[in-house]
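Residue-level structural notes
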Amino acid sequence: MANYLDFEKNIKQLDEDIINARIRGDDEAVVILNRNLEKEIAKTYKGLDEYQRLALARHPDRPYTLDYVRALFSDTKEIHGDRAFKDDTSIVCFLGYIGGKKVVIIGEQKGRGTKYKIMRNFGMPHPEGYRKALRVARLAEKFEIPIVFFVDTPGAYPGIGAEERGQGEAIARNLAELATLRTRTISIVIGEGGSGGALAIGVADRFAMLKNSVFSVISPEGCAAILWNDPAKVQAATKAMQITADELKAQGLIDTVIDEPINGAHRDKQGAAQFVGDYIVSELNELEKYSIDEVISQRMERILNKGSFTS
């Protein structure tokens, strides 16, 4: 059963009308309603504001990392565990192929339905998840295999156990070591990129975001609570924080905004996967033009040139 956001109510009504027309066998009505649906979709998604894009980034039907793995990569083999504590299922790692190229895939995975949300810890990694990601990244480096990161998390898990096992250290180590990793890397925000939990697998040679994804240092709810002591001001916080893909591209903080189907990735998963797959193959081909020393030099230059400061 499809999920609809508040601003998609007209789309929901048309979807229901189309289903009813098909049940009645009224083919002429189906054609007319489909035409109206296309117009409504174009109208609805053309003028989305920042808060609506945040809602799309969190949409429960939006494709997750495993959806992209299944749609884009062939001959995949999953890699488990950090070899120290346990296998954190909120981060998944695979070896596979895309466009004839061998790659390692590392991504944050949310779950669908109560059982799998709990299993994946709602996409919030523990420190062992980040250590698993780094272990697999080091394997990729050893065998000179490019890495594709998929970022999709509300943030690193803030529980007591995670803090006791060194959550901050695990994230900081990933930031430092991925910056100098001797293999080609691509990172893509496919949904929600929250805080250090996203940054921990966000250091790469190419950093991109899907059109309706977000990337922020804190959730808008957290920002509203801290600045105004009022979580209800989440819409104002979302606008002020400038966390959408287009805004971050304009500030030079990301490299590319990857298009989505006009009706959003949640309504056309295959179309979204095609856009993502084309981007990955194109950027891998581009990175292969440079030696690994040149790649690392360019990566460091990009990282050090982020942001602005005054002396």
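Read on for a plain summary of the structure. Values in this document were obtained by computation on a predicted structure and should not be read as measured data.

Turning our eyes to something else, we now look at the nonpolar core. Counting residues in each nonpolar core, the largest one holds 30 residues, and the members touching the most others are Val104, Ile106, Ile147, Leu178, Met209 and Phe215. If you list the elements that add at least two residues to this core, you get β2 (91–98), β3 (101–108), α6 (127–142), β4 (147–153), α8 (167–179), β6 (206–210) and α12 (245–250). No other element matches the 6 residues that α6 contributes to this core. Excluding residues within four positions of it along the chain, Val104 makes contact with Phe94, Leu95, Val136, Ala140, Ile145, Pro146, Ile147 and Val148. Membership of the second largest hydrophobic core comes to 26 residues, among which are Val69, Phe150, Ile186 and Ile188.

So, about the side chain of Thr44. Along the chain, the position of Thr44 falls in helix α2 (residues 27–46). A relative accessible area of 14% means that Thr44 is categorised as buried.

Here we come to the pairing of β4. Burial analysis of β4 places 7 of its 7 residues in the buried class, the great majority of the element. Along β4, one buried face is formed by Ile147, Phe149, Val151 and Thr153 and the opposite face, lined by Val148, Phe150 and Asp152, is buried too. As paired elements, β3 and β4 share 4 bridges and run parallel to each other. If you follow Ile105 over to β4, its bridge partner there is Val148. Of the pairings in the sheet, the one linking β4 to strand β5 (residues 185–194) comprises 6 bridges and is parallel in character. What sits directly across from Phe150, in β5, is Ile188.

Scanning the entire structure with this criterion turns up 4 aromatic pairs. Measuring from centroid to centroid gives 6.4 Å for Phe73 and Phe150, while their planes differ by 75°, and the two rings are edge-to-face. With Phe73 in the loop between α4 (65–72) and β1 (74–79) and Phe150 in strand β4, this pair connects stretches of sequence that are 77 residues apart. Grouping residues by exposure puts Phe73 and Phe150 together as buried. Here the aromatic cluster, defined as three or more aromatic residues joined through ring pairs, consists of Tyr68, Phe73 and Phe150. Across from the ring centre of Tyr64, 4.0 Å away, lies the NZ or CZ of Arg112, which sits over that ring.

Using the criterion set out here, one finds 25 salt bridges in the structure. Between Asp67 and Arg70 there is a salt bridge, with the nearest N and O atoms lying 3.8 Å from each other. Here the residue Asp67 and the residue Arg70 both occupy positions in helix α4, the gap between them amounting to 3 residues, near one helical turn. Here Arg70 falls in the exposed class, since its relative accessible area comes to 62%. Across the salt bridge formed by Asp152 and Lys110, the nearest N and O atoms sit 3.5 Å from each other. Highlighted residues: Asp152 in strand β4 and Lys110 in the loop between β3 and α5 (113–119), separated in sequence by 42 residues. Lys110 matches Asp152 in its accessibility class, with the two residues each being buried.

What counts and what doesn't
- Residues numbered from 1 in each chain as written.
- Predicted model: local features only at pLDDT ≥ 70, side-chain atom pairs only at ≥ 80, totals over all residues.
- Heavy atoms only, no water.
- Core = buried A, V, L, I, M, F, W, Y, C linked by side-chain atoms within 4.5 Å.
- Buried < 20%, exposed > 50% of the residue type's maximum accessible area, 1.4 Å probe, protein only.
- Helix = DSSP H or I, 4+ residues; strand = E, 2+ residues; numbered from the N terminus.
- Contact = heavy atoms within 4.5 Å.
- Pairing = 2+ DSSP bridges.
- Phe/Tyr/Trp six-rings, centres within 6.5 Å; stacked < 30°, edge-to-face > 60°.
- Lys NZ or Arg CZ within 6 Å of the ring centre and 35° of its normal.
- Salt bridge = Lys/Arg side-chain N within 4 Å of Asp/Glu carboxyl O.

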